Structure formats: C-alpha cells, structure tokens
Amino acid sequence: MRIGELAELAGTSTRTLRYYEARGLLTAHRDRNGHRTYGPEDVRLLRQIRVLQSFGFGLEETRPFVECLRAGNPSGDTCPASLAVYRAKLAELDAVIAELIEVRAAVGERLSLAEAAATPAPGCAFAPTPPVDPMRSPP
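Residues numbered from 1 in each chain as written. Predicted model: local features only at pLDDT ≥ 70, side-chain atom pairs only at ≥ 80, totals over all residues. Heavy atoms only, no water.

Asker: Looking at this structure, how should I read the side chain of aspartate 42?
Answerer: Inspection of the secondary structure puts aspartate 42 in helix H3 (residues 40–54). Despite its burial, aspartate 42 remains without a salt bridge, the nearest opposite charge being carried by arginine 70 at 6.0 Å. Beyond its immediate chain neighbours, meaning those up to four positions away, aspartate 42 contacts Leu6, Leu26 and Thr27. (Helix = DSSP H or I, 4+ residues; strand = E, 2+ residues; numbered from the N terminus. Buried < 20%, exposed > 50% of the residue type's maximum accessible area, 1.4 Å probe, protein only. Lys, Arg positive; Asp, Glu negative; His and termini not counted. Salt bridge = Lys/Arg side-chain N within 4 Å of Asp/Glu carboxyl O. Contact = heavy atoms within 4.5 Å.)

Here it is as structure tokens:
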C-alpha cells in the first residue's frame, strides 16, 4: 500500500509517517517508480505507536515496542525492553500522582484556613456585596 493509504488506515498524516521513517520507527520500501510502499505489519506498528502515545509515551519510548513487533512477536509489549519501558512509565506516573496529591492537600489546607478566617473586609474586591433593598432606607 502507498503512504496515503497507510496514513488513512492508521489515522495519521503522511507527514507523520515520513517523520517516523526519518526516526527509524517505520521502514518504507520503494516500488519501481520510487514510491513508498508499506505492508500490513506497518499498520500494526503504527497502531502500537498511537496507542502508546495516547497513554503519554514519548515517541522514543515506543521504540522497544516497535522493535518487539519487528522481531516477530505477536504483541509489541511482551519483550523485556518493552516491559522495562512500562515499568519506567508507571514509576513516572506514580511520582506525578504523589506530587499532585501533595499539591491538592496544600491547596485544601489553604482553603480551609482561608474559609475559617474569612470575614468580608471593607472594600475587599472579592467580598460579596449584600443585595440592596429598594424599600429600605440606607443606614
């Protein structure tokens, strides 16, 4: 199949495919006219890359999965290098989650302190103004 067909099947652009080729993640064959041609295994490679990228993996992190598929494995995530990338990504995600939990706790604490100390100060831009009753005379 040609590059346009592959791009359509993989849900990406021909420019992206050329970039992947330049990065060594995709290998194009050439027909007699010099046009890029691809096989069904390239669709599998691209789908693997796209799924991993949707999980937040960087393009270079997908390389072990692509190489695993190229080596003939039925799944790109069964090779030792792929498993190592999964472990590293989980550790990275755990660190981000831990950091977010800390930030959330700090924000929650600040909110609690602010709510406990909240008394509308005169002229405070953020203090709600009481509604005006047109039937009542001003104090």
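Asker: For this particular structure, what's the right way to read helix H5 (residues 80–117)?
Answerer: Every α-helical turn comprises 3.6 residues, leaving residues that sit three or four positions apart pointing alike. For H5, spanning 38 residues, the distance from its first C-alpha to its last is 56 Å, which sits close to the expected 56 Å at 1.5 Å a residue. Along H5, the positions that sit buried rather than exposed are Ser82, Val85 and Lys89. On its buried face, H5 is in contact with helix H4 (63–70). (Expected span 1.5 Å × (residues − 1).)

Asker: Sorry if this is basic, but what is going on with the packing of aromatic side chains here?
Answerer: Given two aromatic rings, one states the distance between the centres and the angle between the planes to describe the pair. What the rule picks out here adds up to three aromatic pairs. Ring geometry for phenylalanine 57 against tyrosine 86: centres 6.0 Å apart, planes inclined by 80°, an arrangement best described as edge-to-face. Remark: tyrosine 86 occurs in helix H5 and phenylalanine 57 occurs in the loop between H3 and H4; sequence separation between them is 29 residues. Owing to a relative accessible area of 6%, phenylalanine 57 belongs among the buried residues under this scheme. (Phe/Tyr/Trp six-rings, centres within 6.5 Å; stacked < 30°, edge-to-face > 60°.)

Asker: Help me out: how do you make sense of the state of the cysteines in this one?
Answerer: Note: disulfide means a covalent bond formed between the sulfur atoms of two cysteine side chains. One pass over the structure, following the stated rule, counts one disulfide. Note on cysteine connectivity: cysteine 68 is disulfide-linked to cysteine 79, with sulfurs 2.0 Å apart. Measuring handedness by torsion sign, the sulfur bridge of cysteine 68 and cysteine 79 sits at about 80° and is right-handed. Here cysteine 68 is found in helix H4, whereas its partner cysteine 79 is found in the loop between H4 and H5, with 11 residues between them in sequence. According to the relative accessible area criterion, cysteine 68 is buried, its value standing at 2%. In this structure cysteine 79 comes out as buried when scored by relative accessible area, which is 16%. (Disulfide = S-S within 2.5 Å.)

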